[in-house]
Amino acid sequence: LVLGLLSDDGATLNWLHMAGYSPAIEAQIGSGLSMKQPSAAADAVRTAAPVLISSVTEYRERYPAGGQWMIEADAASIGSWPLMVGSRAVGVLGLM
């Protein structure tokens, strides 16, 4: 589980909470994610729509630079849901 809120300037998803990840994965994920970085979490916020990925292969097809953390976490699939205030995405909830 990861819970992130969009920074005031909209440039970064700041992680408020992580659970179920090893310390190595938490270090890899860091304290936040640039909204410019291709990822399911950033796409969920950008599009204000859920992003559901059913395998590491699918993740790597959509986001070629990513996916290693899924292998290390032994995640078979992930879902990223935007957190909405009215019609505006303000964060993301990610589950694996």
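To start, this report covers the structure provided alongside it. Keep in mind the model is a prediction, meaning the values are calculated, not measured. Counting from 1, residues in each chain are numbered in the order their sequence is written. For this predicted model, a pLDDT threshold of at least 70 governs which residues receive local features, and a threshold of 80 or more governs which side-chain atom pairs are given and counted, while totals over whole chains, interfaces and linings are taken from all residues. Side-chain metrics rest on all non-hydrogen atoms present in the structure, leaving aside hydrogens and water.

What follows is about the packing of aromatic side chains. When two rings of Phe, Tyr or Trp (its six-membered ring) have centres within 6.5 Å they constitute a pair, described as stacked for plane angles under 30 degrees, edge-to-face for angles over 60, and tilted for the intermediate range. For the structure on display, the rule yields one aromatic pair. Aromatic side chains Y59 and Y63 sit 4.9 Å apart centroid to centroid with 50° between the ring planes, which places their arrangement in the tilted category. Each member of the pair Y59 and Y63 is classed as buried. Residue burial is assigned from relative accessible area. The probe radius is 1.4 Å, only protein chains are included, and a residue is buried under 20% of its type maximum, exposed over 50%, and partly exposed in between.

Time to look at the pairing of strand β5 (residues 78-85). Sheet analysis places strand β4 (residues 51-53) next to β5, joined by three bridges and oriented antiparallel. Looking at the pairing, L52 lines up with G79 of β5. Here the rule is simple: two strands pair whenever DSSP picks up at least two bridges between them. Labels follow the DSSP assignment, with helices taken as runs of H or I lasting at least four residues and strands as runs of E lasting at least two, numbered in each case from the N terminus. Bridge count for β5 against strand β6 (residues 88-95) is seven bridges, and the pairing is antiparallel. Counted as the bridge partner of L83 is G91 from β6. Taken together, β5 and the strand that follows it, β6, pair antiparallel across an intervening segment of two residues, in which G86 is found at a positive phi of about 65°.

With that out of the way, let us pick up the nonpolar core. A general tendency of soluble globular proteins is for nonpolar side chains to be buried together. Counting 25 residues, the largest nonpolar core has L13, W15 and Y59 as its most contacted members. Sorting the residues of this core by element identifies β2 (12-18), α1 (23-29), α2 (40-47), β4, α3 (56-62), α4 (68-72) and β6 as the ones contributing at least two each. The greatest single-element share of this core, amounting to five residues, is contributed by α2. Should any heavy atoms of two residues lie within 4.5 Å, those residues are counted as being in contact. Ignoring sequence-local partners within four residues, the contact set of W15 consists of V2, L3, G4, I29, G30, S31, G32, L33, A41 and V92. Side-chain atoms within 4.5 Å link the members of a nonpolar core, which is a set of buried Ala, Val, Leu, Ile, Met, Phe, Trp, Tyr and Cys residues.

Moving on, we come to the environment of W15. One can find W15 in strand β2. For the pair formed by W15 and P38, sequence separation is 23 residues and the distance between their alpha carbons is 16 Å.

Treat this as a map of the structure, not an account of what it does.
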